[in-house]
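Here's the letter readout for the chains.
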Amino acid sequence: MKYLKVITVAGLAASLLWQIPITATKAEEVVKVKTHEIRKLSVQNKILHDDLPRFVFNSGRHFEYPDAVRGIYVTGHSAGGSRFNDLVKLVDNTELNAMVIDVKDDWGQITYKLPKDSPFAHLAQNYINDPKKMLDVLEEKQIYPIARIVVFKDSTLPKTRPDLSFMDGKKIWVNGRGESFVNPFLKEVWDYNVDIAIEAAKLGFQEIQFDYVRFPEGFEKRDNQLKYGHGDYKDSKEDNVQKRVHAVTDFVAYAKERLEQYGVKVSVDIFGYTATLPEAPGIGQNFSKISEHVDVISSMIYPSHWTSYFGIAKPDLEPYNLVREYAKLEKSKLNELKNPPISRPWLQDFTASYLGAGNYQVYGKEQVESQIKALHDEGINEYLLWNAGNKYSPNVDYTMEKK
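These numbers were taken from a predicted model, which means no experiment stands behind them.

Peer 1: Describe in detail the overall build of the protein, supporting the description with residues and values.
Peer 2: The secondary structure content of the protein amounts to 11 helices and 15 strands. The 403 residues of the protein split such that 50% are buried. Here the contacts in the protein between residues at least 6 apart in sequence split such that 76% fall between residues at least 24 apart. Looking at the protein as shown, the accessible area adds up to about 20100 Å², and 52% of this sits on carbon and sulfur atoms.

Peer 1: Just give me the short version of the packing of helix α7 (residues 187-203) against helix α8 (residues 240-259), but keep the residues and values in it.
Peer 2: Contact geometry of α7 with α8 gives a least axis separation of 10 Å together with a crossing angle of 40°. In the packing of α7 onto α8, the handedness of the crossing is right-handed. In this structure, α7 uses Lys187, Trp190, Asp191, Val194, Asp195, Ala197 and Ile198 to contact α8, whose residues at the interface are Ala247, Asp250, Phe251, Tyr254, Ala255, Arg258 and Leu259. Of the residues belonging to the contact of α7 with α8, the class tally is nine nonpolar, no polar and five charged.

Peer 1: Tell me what's going on with the pattern of salt bridges, and back it up with residues and numbers.
Peer 2: Enumeration over the complete set of coordinates arrives at 28 salt bridges. Ionic pairing is found between Asp191 and Arg258, a salt bridge with its closest N-O pair at 3.0 Å. Residue Asp191 is found in helix α7, and its partner Arg258 is found in helix α8; the two are separated by 67 residues along the sequence. For Arg258, a relative accessible area of 26% translates into the label partly exposed. Within the structure, one salt-bridge network assembled from shared partners comprises Asp102, Asp106, Arg148, Lys153, Arg177, Glu179, Asp211, Arg214 and Glu217.

Peer 1: Give me the side chain of Thr276: which residues, what numbers.
Peer 2: One can find Thr276 in the loop between β11 (265-271) and α9 (287-291). The residues contacting Thr276, other than those within four sequence positions of it, are Trp306, Tyr309, Phe310 and Leu329.

Peer 1: How would you summarise the packing of aromatic side chains if you had to cite specific residues and measurements?
Peer 2: With the rule as written, the count across this model stands at 25 aromatic pairs. Aromatic side chains Phe152 and Phe251 sit 5.3 Å apart centroid to centroid with 65° between the ring planes, which places their arrangement in the edge-to-face category. Note that Phe152 is positioned in the loop between β7 (144-150) and α6 (157-160) and Phe251 in helix α8, a separation of 99 residues in sequence. Taken as a pair, Phe152 and Phe251 share a single burial class, namely buried.

Peer 1: Describe the pairing of β11, listing the residues and the values that go with them.
Peer 2: Note on strand geometry: in a regular strand, side chains alternate between the two faces of the sheet. Among the seven residues that make up β11, six are buried, leaving the element largely enclosed by the rest of the structure. Relative to β11, strand β10 (residues 207-211) runs parallel, the two being bridged by four bridges. If you follow Ile208 over to β11, its bridge partner there is Val266. By the bridge criterion, five bridges tie β11 to strand β12 (residues 296-300) in an arrangement that is parallel.

Peer 1: Quick one: what's the story with the nonpolar core, residue by residue and with numbers?
Peer 2: Grouped together as the largest cluster of nonpolar side chains are 111 residues, with contacts concentrated most on Met99, Phe210 and Phe251. With 10 residues, the single largest contributor to this core is α7. Those residues in contact with Met99, other than ones at most four positions away along the chain, are Ile72, Val74, Phe84, Leu87, Val88, Val91, Leu138, Ile143, Tyr144, Pro145 and Ile146.

Peer 1: Give me the environment of Gln142: which residues, what numbers.
Peer 2: Tracing the backbone through its elements, the reader meets Gln142 in the loop between α5 (131-141) and β7. Distance from Gln142 to Asp92, taken between C-alpha atoms, is 8.7 Å for residues 50 residues apart in sequence. The residues contacting Gln142, other than those within four sequence positions of it, are His62, Phe63, Glu64 and Asn97. For Gln142, the side chain forms a polar contact with the main-chain oxygen of His62, separated by 2.9 Å. Polar contacts involving the side chain of Gln142 include one to the main-chain carbonyl oxygen of Glu139, which spans 3.0 Å.

Peer 1: I'd like a description of α8, backed by residues and values.
Peer 2: Here α8 contains 20 residues, and its C-alpha end-to-end distance of 29 Å stays within 8% of the 28 Å for a straight helix at 1.5 Å per residue. Buried within α8 we find Lys243, Arg244, Val245, Ala247, Val248, Thr249, Phe251, Val252, Tyr254, Ala255 and Leu259. Lining the buried residues of α8 we find α7, β10, β11 and α9.

Peer 1: I'd love a proper account of unusual backbone geometry, names of residues and values included.
Peer 2: In this model, Gln142 sits at a positive phi of 55°, which is unusual for a non-glycine residue. Exposure remark for Gln142: the relative accessible area of 32% places this residue in the partly exposed category. For Asn390, which is not glycine, the phi dihedral falls at a positive 60°. Along the chain, Asn390 turns up in the segment after β15 (383-386).

Peer 1: I'd like a description of helix α11 (residues 365-377), backed by residues and values.
Peer 2: Given a rise of 1.5 Å per residue, 13 residues ought to cover 18 Å, and the 18 Å separating the end C-alpha atoms of α11 matches this to within 8%. Within α11, the full set of buried residues consists of Gln367, Val368, Glu369, Gln371, Ile372, Ala374 and Leu375. Those residues of α11 that are buried are in contact with α10 (319-334), β14 (346-348) and β15. Gly379 sits one or two positions beyond α11 and adopts a positive phi of about 80°.

Basis of the calculations
Residues numbered from 1 in each chain as written. Predicted model: local features only at pLDDT ≥ 70, side-chain atom pairs only at ≥ 80, totals over all residues. Heavy atoms only, no water. Helix = DSSP H or I, 4+ residues; strand = E, 2+ residues; numbered from the N terminus. Buried < 20%, exposed > 50% of the residue type's maximum accessible area, 1.4 Å probe, protein only. Contact = heavy atoms within 4.5 Å. Areas by Shrake-Rupley, 256 points an atom, 1.4 Å probe, with all protein chains shown as cover. Axes fitted to C-alpha atoms, helices over the stretch in contact; angles between N-to-C directions. Left-handed = near helix turned anticlockwise from the far one by under 90°. Nonpolar A, V, L, I, M, F, W, Y, C, P; charged D, E, K, R; others polar. Salt bridge = Lys/Arg side-chain N within 4 Å of Asp/Glu carboxyl O. Phe/Tyr/Trp six-rings, centres within 6.5 Å; stacked < 30°, edge-to-face > 60°. Pairing = 2+ DSSP bridges. Core = buried A, V, L, I, M, F, W, Y, C linked by side-chain atoms within 4.5 Å. Polar contact = N/O pair within 3.5 Å; in protein donor to acceptor, adjacent residues only side chain to side chain. Expected span 1.5 Å × (residues − 1).

What follows is the structure, encoded as structure tokens:
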């Protein structure tokens, strides 16, 4: 319970005296002031219960949460181009019911135009020419809209604010793919991303999905070589691993709190292998701690991305076994939590030919259904399909109810 604080007592008293008629007697003034003082004390001691309704922003849009989210990934280019109509038909004509749409993409760019007076106008690309019209279509079809916000992988912000990134000498550090990251230790970076998420919520997106909620891969090998600020974690006595874990977890908790009044769910994408470890030391992801602060956890469990961790020598060739073994492990970890989030893993709908001959197979209907069935057999009914080019396998049974 919380107590209501009265911070304008003098102002209230002055206001009341101002309203006393000029013709009132001194005695009448004293009575009025004393009455006011009694009421004021009554207000001061009034207890407010935590369950009182809070203000919640209303975008004016109405979406029903599906029986179970079964979604596909959609880039800004696809959402704003001719492919959007094809993807809508795919979802509308199958058991699919959701789209994860890039709002802030992998390069840190916002995928639709913003007003010139917006603080994020310089980030805006015209990939989605009319986001309101796009959401009109999704609302009409009742396709559940999820806004993907790529958080700490960002090659745009460092161009104007290198102090919010990692410096390698006098240059902004980039990874082997030429990508930059911004610093998860800095609250200014947190607010930057949450403010973008709020704009998406105002548009009518029903869920905010944060991706790349982590430090760069292998950061533990360069954390003492790069130059960067530690923000509020500067004076922490913890080692660097725990500092990173706390920074990432604290961001998620902070984002969840700030987005609460917008009535959106909050989800986080996380490396699948993170669930197999107490915590991933380099990138700062702790599966259980992050899961405590979200509505949905989406582990990326693409078979092609695993080694022989589960005793499966070539995981890409055994999608059912890989996904089922992961699901068993994840369930045991989530069951340890008091209020576990919804499990909604990312599944593979692409061919990982980069693994080399003998280590991969062409993914299509059979391979996608195998992954869905593996989740279903472990009681997990929500999932998302990833294909970077948004080309999804035809004729898939997305519910596996007949299998």
